[in-house]
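Single-letter residue listing:
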Amino acid sequence: MQPKQILREHVAKIATLTDEEFDNFFSRFELQSFKKGQTIIAAGDSVRREYFVLSGCLKSFYINDDLKMFILQFAMPTWWTSDFNALYSGEKATISVDCITDAEVLSLTNESREALCREIHQAEHFFRWRTNKGYVASQKRLLSMMNNDVKHRYEELMAQYPELYQIVPKQLIAAYLGVSRETLSRLHH
């Protein structure tokens, strides 16, 4: 499927845009390709874009002062990712984004998103819905981390995203769950 069609079907689940409105909407995006292991956003960068994944898998993560990695998100096709705090506030990135696999994305600048929201009411509706959905998902993950043991969190993740175990290296799934690779191996068997 072509990038324009993938984005159109994604947006159409939430918002109704005329062909002319969608052409305007799509024209604001830039198609980009990245290789496995390539960094898209590094801590300390200025962040001007958010990314809609067309193919492949990205991860957003934070590395603390002890050099421990915390994975915030695996972004698969039709998911969005960025360091949203840096994008919206203009602060330097604290979240990094890189490629677990080769990936193709559509990127959108903050300025273009804001212009679309001013110009097309349904675009504003779409982005507001997307932001709300992301906020709810973050709350659910935080509550799961606070209330559930690692076995339950692992089962929850695999039930929701079974394809992850085939795409994402086990040590990254372990980092997402906040456990060692060894602990994850015991859970998987």
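Residues numbered from 1 in each chain as written. Predicted model: local features only at pLDDT ≥ 70, side-chain atom pairs only at ≥ 80, totals over all residues. Heavy atoms only, no water.

Caption draft 1: Expanded view of the layout of surface pockets. As a volume, the largest pocket reaches approximately 1500 Å³. Around the largest pocket sit 41 residues that line it, and Gln 73, Lys 133, Gly 134, Ala 137 and Ser 138 are the ones nearest its centre. Mapped by element, the contributors of at least two residues to the lining of the largest pocket are strand E5 (69–75), strand E6 (80–81), helix H3 (84–89), helix H5 (121–147), helix H6 (150–160) and helix H8 (170–177). Here the lining of the largest pocket gets 14 residues from one element, more than from any other, and that element is H5. (1 Å grid on protein atoms, 1.4 Å probe; cavity = no way out; pocket = protein on both sides within 12 Å on 5 of 7 lines; lining within 4 Å. Points joined across faces, edges and corners; volume = space filled by probe spheres on them. Helix = DSSP H or I, 4+ residues; strand = E, 2+ residues; numbered from the N terminus.)

Caption draft 2: How the structure looks around the pairing of strand E8 (residues 103–109). Counted residue by residue, E8 has six buried out of seven residues, so it is predominantly covered. In the sheet, strand E1 (residues 30–34) pairs with E8 via five bridges, with the strands oriented antiparallel. Looking at E8, one finds that Phe 34 is bridged to Ala 103. Sheet analysis places strand E3 (residues 49–55) next to E8, joined by six bridges and oriented antiparallel. Paired with Tyr 51 across the strands is Ser 107, a residue of E8. (Buried < 20%, exposed > 50% of the residue type's maximum accessible area, 1.4 Å probe, protein only. Pairing = 2+ DSSP bridges.)

Caption draft 3: A look at the pattern of salt bridges. In the structure shown here, the tally under the stated rule is 11 salt bridges. Measuring nitrogen to oxygen at the nearest pair gives 2.7 Å for the salt bridge that ties Lys 4 to Asp 23. Of this pair, Lys 4 sits in helix H1 (residues 3–12) while Asp 23 sits in helix H2 (residues 19–27), placing them 19 residues apart in sequence. Among the residues examined, Asp 23 registers a relative accessible area of 38% and is labelled partly exposed. For Glu 114, the salt bridge goes to Arg 113, with nearest N and O atoms at 2.5 Å. One continuous salt-bridge network, built from bridges that share partners, spans Glu 50, Arg 113, Glu 114 and Arg 130. (Salt bridge = Lys/Arg side-chain N within 4 Å of Asp/Glu carboxyl O.)

Caption draft 4: Region of interest: a nonpolar patch on the surface. There is a patch of nonpolar side chains on the surface, built from Tyr 62, Phe 70 and Leu 72 and spanning about 250 Å² of accessible area. Looking at where Phe 70 falls in the secondary structure, it is placed in strand E5. (Patch = residues over 30% accessible without salt bridge, like charges linked within 9 Å, V, L, I, M, F, W, Y side chains within 5 Å. Areas by Shrake-Rupley, 256 points an atom, 1.4 Å probe, with all protein chains shown as cover.)

Caption draft 5: Region of interest: the domain arrangement of the protein chain. Taken domain by domain, the protein chain consists of domain 1 (3–141) and domain 2 (148–189). Each partner contributes residues to the interface: domain 1 has 13 residues there, and domain 2 has 10 residues. With both chains or domains summed, domain 1 and domain 2 bury close to 960 Å², and 80% of this area falls on carbon and sulfur atoms. Its largest share of buried area at the contact with domain 2, domain 1 owes to Phe 74, Met 76 and Arg 141, together 48% of the area lost on that side. (Domains from an automatic or database assignment. Contact = heavy atoms within 4.5 Å. Buried area = accessible area lost by both parts, 1.4 Å probe.)

Caption draft 6: Layout of the packing of H1 against H2. At a minimum axis distance of 11 Å, the contact between H1 and H2 shows a crossing angle of 115°. Judged by the sense of rotation from one axis to the other, the crossing of H1 with H2 is right-handed. Residues Pro 3, Lys 4, Leu 7, Arg 8 and Val 11 of H1 form the contact with H2, whose own contacting residues are Asp 19, Phe 22, Asp 23, Phe 25 and Phe 26. Residues belonging to the contact of H1 with H2 are distributed by class as follows: six nonpolar, no polar and four charged. (Axes fitted to C-alpha atoms, helices over the stretch in contact; angles between N-to-C directions. Left-handed = near helix turned anticlockwise from the far one by under 90°. Nonpolar A, V, L, I, M, F, W, Y, C, P; charged D, E, K, R; others polar.)

Caption draft 7: Structural detail: the packing of helix H4 (residues 110–119) against H5. Direction vectors running N to C along H4 and H5 enclose 125°, while the axes themselves pass 5 Å from each other. Here H5 runs oblique to H4, going by the angle between their axes. Touching Arg 113, Leu 116, Cys 117 and Glu 119 of H4 are His 121, Ala 123, Glu 124 and Phe 127, all from H5. Considered class by class, the residues forming the contact of H4 with H5 number four nonpolar, one polar and three charged. (Parallel < 35°, antiparallel > 145°, perpendicular 65-115°, else oblique.)

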